[in-house]
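An overview of the molecular structure
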Number of protein chains: 2
Amino acid sequence: MEEKCLLILTDKITKNSYKLTGPRLAILDYLAHEKGHHDIMDIYEKIRLKNESIGMATIYRTIDLFLELGIVRVLTLKNSQPCFEINWPDDHHHHLVCTECGHIIEFGSCNFKLIVGEIEKVTCFRVEEHTLEAYGLCPKCAQSRDVYSTEKM
Amino acid sequence: MEEKCLLILTDKITKNSYKLTGPRLAILDYLAHEKGHHDIMDIYEKIRLKNESIGMATIYRTIDLFLELGIVRVLTLKNSQPCFEINWPDDHHHHLVCTECGHIIEFGSCNFKLIVGEIEKVTCFRVEEHTLEAYGLCPKCAQSRDVYSTEKM
DNA sequence: CTGACTGCAAAGATTTTGCAACATA
DNA sequence: TATGTTGCAAAATCTTTGCAGTCAG
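Source: prediction; values computed, not measured. (Residues numbered from 1 in each chain as written. Chains lettered and ligands numbered in written order. Predicted model: local features only at pLDDT ≥ 70, side-chain atom pairs only at ≥ 80, totals over all residues. Heavy atoms only, no water.)

A few words on the overall build of chain A. Across its full length, chain A carries 6 helices and 6 strands. Ordered by position in the sequence, the α and β elements of chain A form the string α-α-β-α-α-β-β-β-β-α-β-α. For 153 residues, the compact-globule estimate of 2.2 N^0.38 gives 15 Å, and chain A exceeds it by more than 25% at 19 Å. With the C-alpha coordinates aligned to their principal axes, the bounding extent of chain A is approximately 60 × 45 × 30 Å. Burial statistics for chain A: of 153 residues in total, 42% are counted as buried. A separation threshold of at least 6 residues defines the contact pool for chain A, and within that pool the share at least 24 residues apart is 49%. Accessible surface, chain A: about 9000 Å² in total, of which carbon and sulfur atoms supply 53%. Separation of charge centres in chain A, based on 18 positive and 23 negative side chains, amounts to 2 Å. (Helix = DSSP H or I, 4+ residues; strand = E, 2+ residues; numbered from the N terminus. Rg over C-alpha atoms; globule rule 2.2 N^0.38 Å. Buried < 20%, exposed > 50% of the residue type's maximum accessible area, 1.4 Å probe, protein only. Contact = heavy atoms within 4.5 Å. Areas by Shrake-Rupley, 256 points an atom, 1.4 Å probe, with all protein chains shown as cover. Lys, Arg positive; Asp, Glu negative; His and termini not counted. Charge placed at Lys NZ, Arg CZ, Asp CG, Glu CD.)

Here we take up the protein's contact with DNA strand C. Around DNA strand C, 18 residues are found, and the nearest of them are T21, R24 and T58 of chain A together with K19 and Y60 of chain B. The separation between a phosphate oxygen of DNA strand C and a polar side-chain atom of T21 of chain A is 2.7 Å. Between DNA strand C and Y60 of chain B there is a distance of 2.4 Å, counted from a phosphate oxygen to a side-chain nitrogen or oxygen. Sorting the residues of the surface near DNA strand C by element identifies helix 2 (22–33) and helix 4 (56–69) of chain A together with helix 4 (56–69) of chain B as the ones contributing at least two each. In terms of residue class, the surface near DNA strand C is made up of 7 nonpolar, 5 polar and 6 charged. (Near = heavy atom within 4 Å. Polar contact = N/O pair within 3.5 Å; in protein donor to acceptor, adjacent residues only side chain to side chain. Nonpolar A, V, L, I, M, F, W, Y, C, P; charged D, E, K, R; others polar.)

Take the side chain of T123 of chain A next. Here T123 of chain A lies in helix 5 (residues 112–123). A polar side-chain atom of T123 of chain A sits 2.7 Å from the main-chain carbonyl oxygen of I119 of chain A. Beyond its immediate sequence surroundings of up to four residues, T123 of chain A is in contact with L96, F107 and P139 of chain B.

Owing to its 3.6 residues per turn, the α-helix aligns residues three or four sequence positions apart on the same side. Residue and element names in this part refer to chain B. Buried within helix 3 (residues 40–50) we find I40, I43, Y44 and I47. On an axial view of helix 3, the arc spanned by its buried residues comes to 100°, and they lie on one face. The secondary structure elements touched by the buried residues of helix 3 are helix 2 (22–33), helix 4 and strand 2 (83–86). Just downstream of helix 3, N51 is the residue with a positive phi angle, here 140°. (Arc of directions from axis to C-beta.)

All names here are of chain B. Enumeration over the complete set of coordinates arrives at 8 salt bridges over all chains. Here K15 makes a salt bridge to D11, at a shortest N to O gap of 3.6 Å. Within this pair, K15 and its partner D11 are both found in helix 1 (residues 2–15), separated by 4 residues, close to a single helical turn. (Salt bridge = Lys/Arg side-chain N within 4 Å of Asp/Glu carboxyl O.)

The environment of DNA strand D is made up of 18 residues, and the closest members are Y60 of chain A together with T21, R24, S53 and T58 of chain B. Considering DNA strand D, the proportion of its atoms within 4 Å of the protein that are sugar or phosphate atoms stands at 71%. Within the side chain of Y60 of chain A, one N or O atom sits 2.4 Å away from a phosphate oxygen of DNA strand D. R48 of chain B places a polar side-chain atom, nitrogen or oxygen, 3.0 Å from a phosphate oxygen of DNA strand D. Those elements that place two or more of their residues in the surface near DNA strand D are helix 4 of chain A together with helix 2 and helix 4 of chain B.

To continue, consider the confidence of the model for chain A. Of all residues in chain A, 94% have pLDDT values of 70 or greater, and the mean over the chain is 91. Here helix 6 (residues 139–152) of chain A stands out as the least confident element of chain A, with mean pLDDT 78; helix 4 of chain A is the most confident, with 98. (pLDDT = per-residue confidence, 0-100.)

Attention now goes to the interface of chain B and chain A. Taken together, the contact between chain B and chain A spans 37 residues of the former and 37 residues of the latter. Carbon and sulfur atoms make up 61% of the surface buried where chain B meets chain A, a total of about 3300 Å² over both sides. Among the residues chain B hides against chain A, the three largest losses belong to F107, F125 and R126 of chain B. Together they make up 19% of the total. Counting across the chain B and chain A interface gives 2 salt bridges. If you list the elements that add at least two residues to the side of chain B that touches chain A, you get strand 3 (94–98), strand 4 (104–107), helix 5 (112–123), strand 5 (126–137) and helix 6 (139–152) of chain B. Sorting elements by how many residues they give to the side of chain B that touches chain A places strand 5 of chain B first, with 12 residues. (Buried area = accessible area lost by both parts, 1.4 Å probe.)

Listed below in structure tokens is the structure:
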């Protein structure tokens, strides 16, 4: 299943007559198989460790290309470098960022259609894409904060 | 009215025993009175033009302070530098970014409460803040695109 | 074979830091 | 007056560019 999805992504490269090169596959492979959100430095270091020699410039150029082709999505959160994640087909989701521990939870079911309707009616803006990030406390941090305040009483 | 709001903001500076200095007032004044979203360079250049000498370092330090005090909000959009805007009391809004002309429309009435409830129920995450950006076509660009496709038929 | 692609190193941009001079409370 | 704050210049980061060698199609 995941392999089938990967094929869709590599197809985007070849169908647009870009070449399927070592560095491109290495970056795609890393992002596809490592959970989480990775910044440029992550990608660089992890691929270096795994064996292959790759330059920072190539990472920047490849990520630009992948963004253009819709192979990856960028996540720009407050107080951090831009991170990247695979743009799996039909995987629309948002991010809940814990301000305490930095943990990022993905939230899939998005009822944003309701809001889009409202926006389009009120502003005549034609929404094609959207990003939504919520900041707050993840379950673990929320709980320990509650315990802490109870103790203080 | 706006002056009263400004007072609330300068109060945040003094109440936290920070000093009300020339550069801080200049930046606050610029952001408060110039419409739109301004990046570091904007702020630097516009204040320089107006007369006063100010250093980039001061802008960075002041914006950091303002963010910390909740005097400004940061807007990190795709393909652009972080921009800043005054965080007026009770002015919660989101941004509709035209991918054609770059125009940014602010959208006030946010029905996000519906979604927050859903998120908190499903994930046990405690949402304290959120940002939402929609990308698409502003009314003007949407219209000219429609005209264009009609002409082609 | 050939043009797209790469790694490297150098250039360019952006952001942070150290410090002496200054200005606010 | 005393300490927080500033501008400047230098340092540290981050990103882009130029180019000769390489490799996928």
